[in-house]
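Architecture and fold: a report
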Amino acid sequence: MKIAILNYNIGNLASVRNALEFCAKTSKHTEICIESSPSALRHYDKIILPGVGAFGDSIKHLQANGMDQAIHEFVKSGKYLLGICLGMQLLLHKSYEFGSHRGLGLIQGEVVKFKNLDFLKIPQIGWNTCLLTDEGRKHPLFKDYPQKFYLYFVHSFHATDIALQDTLAFSKYGYSFPSIIARENVLGIQPHPEKSHNLGLKLLENFIAL
């Protein structure tokens, strides 16, 4: 099996790669690669879209060499795509981060900033609860998971208007928001599994096993 971590000049890929390589030790014949060529995606079995930074800049980087179209073609093949943090947000239709920007449109939903509540520190940085929905409890990404667990978050914007059938988990920061989503072979997770110790690594192990 070959898994690609997409390199589109946004964020540090090393921590994601290190975590995946650690998880892949228990899975024979799994190769983890960092890939920047859109035409090469068809040679992979799964891809991961990471991201740290601003939505608008990130979507422009994906569009610059046709990586956005290559992602769409990959998804049409039925193979799994996992978006992490900003990578999850890019899966949605629109973001209102510093303007209005169109996303990849693979899952219906939008990205908005946390509400300006007096008691809420933005960005959210640290451990927070994820509560699986009925869909999440059935999903193989969360095989052998408890219904409630903690993962590590770093973000100022969050997903909204996600259909319940596309929501695998909710988290609460001032108020509830969808933190893990999925539609068929497209998966998205707002927290960082590579920074979330054992349960984060378990999530990556489950992704490899899909």
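Refer to the structure printed above.
For the structure given in this document, a descriptive report is provided here. (Residues numbered from 1 in each chain as written. Predicted model: local features only at pLDDT ≥ 70, side-chain atom pairs only at ≥ 80, totals over all residues. Heavy atoms only, no water.)

The subject of this paragraph is the overall build of the protein chain. When its secondary structure is counted, the protein chain shows 6 helices and 13 strands. The C-alpha radius of gyration computed for the protein chain amounts to 16 Å, which stays within 12% of the reference 17 Å derived for 210 residues, consistent with globular compactness. If one aligns the C-alpha atoms of the protein chain with their principal axes, the spans along those axes are about 50 × 40 × 30 Å. Taking all 210 residues of the protein chain together, the buried fraction comes to 52%. The contacts of the protein chain with a sequence gap of at least 6 include a subset with a gap of at least 24, amounting to 71%. (Helix = DSSP H or I, 4+ residues; strand = E, 2+ residues; numbered from the N terminus. Rg over C-alpha atoms; globule rule 2.2 N^0.38 Å. Buried < 20%, exposed > 50% of the residue type's maximum accessible area, 1.4 Å probe, protein only. Contact = heavy atoms within 4.5 Å.)

All right, on to the pattern of salt bridges then. This structure, assessed with the given rule, holds 5 salt bridges. Its salt-bridge partner being Lys-76, residue Glu-73 comes within 3.5 Å of it at the nearest N-O pair. Placement of both Glu-73 and Lys-76 in helix H3 (residues 67-76) is noted, with a separation of 3 residues, approximately one turn of the helix. Residue classification places Glu-73 among the partly exposed residues on the basis of a relative accessible area of 47%. Arg-183 is the salt-bridge partner of Asp-166, the closest N and O atoms lying 2.6 Å from each other. Note that Asp-166 is positioned in the loop between strand E10 (157-160) and strand E11 (167-172) and Arg-183 in strand E12 (residues 176-183), a separation of 17 residues in sequence. (Salt bridge = Lys/Arg side-chain N within 4 Å of Asp/Glu carboxyl O.)

To continue, consider the sheet that holds strand E9 (residues 148-155). Spatial ordering of the open sheet is given by E2-E1-E3-E4-E13-E12-E11-E8-E9, a layout of 9 strands whose pairing is mixed. A single partner strand is all that each edge strand has here, and the edge strands are strand E2 (31-35) and E9. For this sheet, the mean angle separating the axes of adjacent strands, direction not counted, is 25°. Here strand E4 (residues 80-84) pairs with strand E13 (residues 186-189) via 4 bridges, running parallel. Looking at the pairing, Leu-81 lines up with Val-186 of E13. Helix H1 (residues 14-24) contacts strand E1 (2-6), E2, strand E3 (46-49) and E4 of the sheet and is inclined by roughly 165° relative to E2. (Pairing = 2+ DSSP bridges. Axes fitted to C-alpha atoms, helices over the stretch in contact; angles between N-to-C directions.)

What follows concerns the nonpolar core. Residues Leu-20, Ile-48, Leu-82, Phe-142, Phe-149 and Ile-180 are the most contacted members of the largest nonpolar core, which totals 37 residues. Other than its neighbours up to four places away in sequence, Leu-20 contacts Ile-5, Ile-32, Ile-48, Leu-204 and Ile-208. Residues Met-67, Leu-81, Met-88 and Val-186 belong to the second largest nonpolar core, which totals 33 residues. (Core = buried A, V, L, I, M, F, W, Y, C linked by side-chain atoms within 4.5 Å.)

Following the sequence through the fold, Asn-206 ends up in helix H6 (residues 197-209). The class for Asn-206 is buried, based on a relative accessible area of 6%. Residues Asn-206 and Ser-100, 106 residues apart in the sequence, show an inter-C-alpha distance of 34 Å.

All right, on to H3 then. Every buried residue of H3 is listed here: Met-67, Asp-68, Ala-70, Ile-71, Phe-74 and Val-75. One side of H3 carries all its buried residues, which in axial view fall inside an arc of 160°. Where H3 ends, the next residue or the one after it, Gly-78, has phi of about 90°, a positive value. (Arc of directions from axis to C-beta.)

Okay, the pairing of E4 next. Here E4 lies mainly inside the structure; 4 of its 5 residues are buried. Pairing analysis gives 4 bridges linking E3 to E4, with the strands arranged parallel. Counterpart to Lys-46 in the pairing with E4 is Tyr-80.

Summed over all chains, the structure comprises 9 aromatic pairs. Ring geometry for Phe-114 and Tyr-173: centres 5.3 Å apart, planes at 70°, overall edge-to-face. With a gap of 59 residues between them, Phe-114 in the loop between strand E7 (110-113) and strand E8 (124-132) and Tyr-173 in the loop between E11 and E12 connect regions that are remote in the sequence. Residue Phe-114 shares its accessibility class with Tyr-173, and that shared class is buried. Each residue in the set Phe-114, Phe-153, Tyr-173, Tyr-175 and Phe-177 is aromatic and connected to the rest through ring pairs, giving one cluster. Between Lys-2 and the ring centre of Tyr-44, over which it is positioned, the NZ or CZ distance is 4.9 Å. (Phe/Tyr/Trp six-rings, centres within 6.5 Å; stacked < 30°, edge-to-face > 60°. Lys NZ or Arg CZ within 6 Å of the ring centre and 35° of its normal.)

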